[in-house]
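# What the coordinates show
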Amino acid sequence: DIANRHNIKYQRKTSAYGASQAGAVETSASGCKTAVVSIPLRYGNTPVGLMNVNDINSVTDLVCEFLRERDVI
C-alpha cells in the first residue's frame, strides 16, 4: 500500500525461509511478526554481485516512507 501511494516501484516475492533469519525469528519461541525488504540482486554471494541503482533508490524510498508513516523519522 505504501509503495502504491507514493508511486514507488516494487516486486513481491514470498518465501518462508530465504537468505535471512526472518522465518526463524517469526517461528521461534513466542515469535513476532517479521518482514524482509531486500534489493533484487544478480550473482549474489560472488565478488561481482550486481544491483540496479533504481532498485536501491526504490527500497530506500519504501523504507523511509514506512518509517515516516509510523512517526519514526
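Before any of the text, the structure's been laid out above.
Bear in mind that the values here come from a model prediction, so they are computed numbers and not experimental data. (Residues numbered from 1 in each chain as written. Predicted model: local features only at pLDDT ≥ 70, side-chain atom pairs only at ≥ 80, totals over all residues. Heavy atoms only, no water.)

### Here we look at the overall build of the protein chain
Just so we agree on the cut-off: Going along the chain from the N terminus, every DSSP run of H or I of four or more residues is numbered as a helix, and every run of E of two or more is numbered as a strand. The atom set for the radius of gyration is the C-alpha atoms, and the globule formula is 2.2 Å times the number of residues raised to the power 0.38. We call a residue buried when its accessible area falls under 20% of the maximum for its residue type, exposed when it is over 50%, and partly exposed in between, using a 1.4 Å probe and counting protein chains only. It only takes one pair of heavy atoms within 4.5 Å for two residues to be counted as in contact.
Each helix and strand in the protein chain was counted, giving 3 helices and 0 strands. The secondary structure elements of the protein chain, listed N-terminal to C-terminal, are α-α-α. Computed over C-alpha atoms, the radius of gyration of the protein chain comes to 14 Å, more than 25% over the 11 Å expected from 2.2 N^0.38 for 73 residues, which places it beyond the range of a compact globule. Over its C-alpha atoms, taken along the principal directions, the protein chain stretches across nearly 40 × 35 × 20 Å. Classification of the 73 residues of the protein chain by burial places 11% in the buried group. Looking at the protein chain alone, contacts between residues at least 24 apart form 32% of all its contacts between residues at least 6 apart.

### Concerning helix H3 (residues 53-69)
Note the following rule: Multiplying 1.5 Å by the helix residue count minus one yields the expected span of that helix. Taken from the helix axis, the directions to the C-beta atoms give the arc we talk about. Under this definition, polar contacts are N or O atom pairs within 3.5 Å; protein pairs additionally need one hydrogen-donor-capable and one acceptor-capable atom, and for neighbouring residues in sequence, both atoms have to be side-chain atoms.
The terminal C-alpha atoms of H3, which comprises 17 residues, lie 24 Å apart, in line with the 24 Å expected from a rise of 1.5 Å per residue. Of all the residues in H3, the buried ones are Ser 58, Val 59 and Glu 65. Viewed end-on, H3 has its buried residues packed into an arc of 130°, placing them on one side of the element. Close packing links the buried residues of H3 with helix H1 (2-5). Measuring from the backbone nitrogen of Asn 54 back to the side-chain oxygen at the start of H3 gives 2.6 Å, which picks out Asn 52 as the cap.

### Describing the environment of Ile 8
Relative to the elements of secondary structure, Ile 8 occurs in the loop between H1 and helix H2 (22-27). Residue classification places Ile 8 among the buried positions, given a relative accessible area of 10%. For Ile 8 and Glu 69, which are 61 residues apart along the polypeptide, the C-alpha to C-alpha distance reads 15 Å. Ile 8 has contacts with Ala 3, Ser 58, Asp 61, Leu 62 and Glu 65, leaving out every residue within four places of it along the chain.

### Describing the side chain of Glu 65
With respect to the helices and strands, Glu 65 occurs in helix H3. At 3.5 Å, the side chain of Glu 65 forms a polar contact with the side chain of His 6. Other than its neighbours up to four places away in sequence, Glu 65 contacts Ile 2, His 6 and Ile 8.

### Points about a nonpolar patch on the surface
Stated formally: Exposure above 30% relative accessible area and the absence of a salt bridge qualify a residue for a patch, where like charges join within 9 Å and nonpolar side chains (Val, Leu, Ile, Met, Phe, Trp, Tyr) within 5 Å. In these tables, accessible area is a Shrake-Rupley quantity obtained with a 1.4 Å probe, and a residue counts as shielded only by the protein chains included in the view. By definition, a salt bridge exists where a carboxyl oxygen of Asp or Glu is found within 4 Å of a side-chain nitrogen of Lys or Arg.
A grouping of Leu 41, Met 51 and Ile 56 is seen on the molecular surface, where their side chains present a nonpolar patch of about 260 Å² in accessible area. Looking at the element boundaries, Met 51 is found in the loop between H2 and H3. Of the residues examined, Met 51 reaches a relative accessible area of 47% and is grouped as partly exposed.

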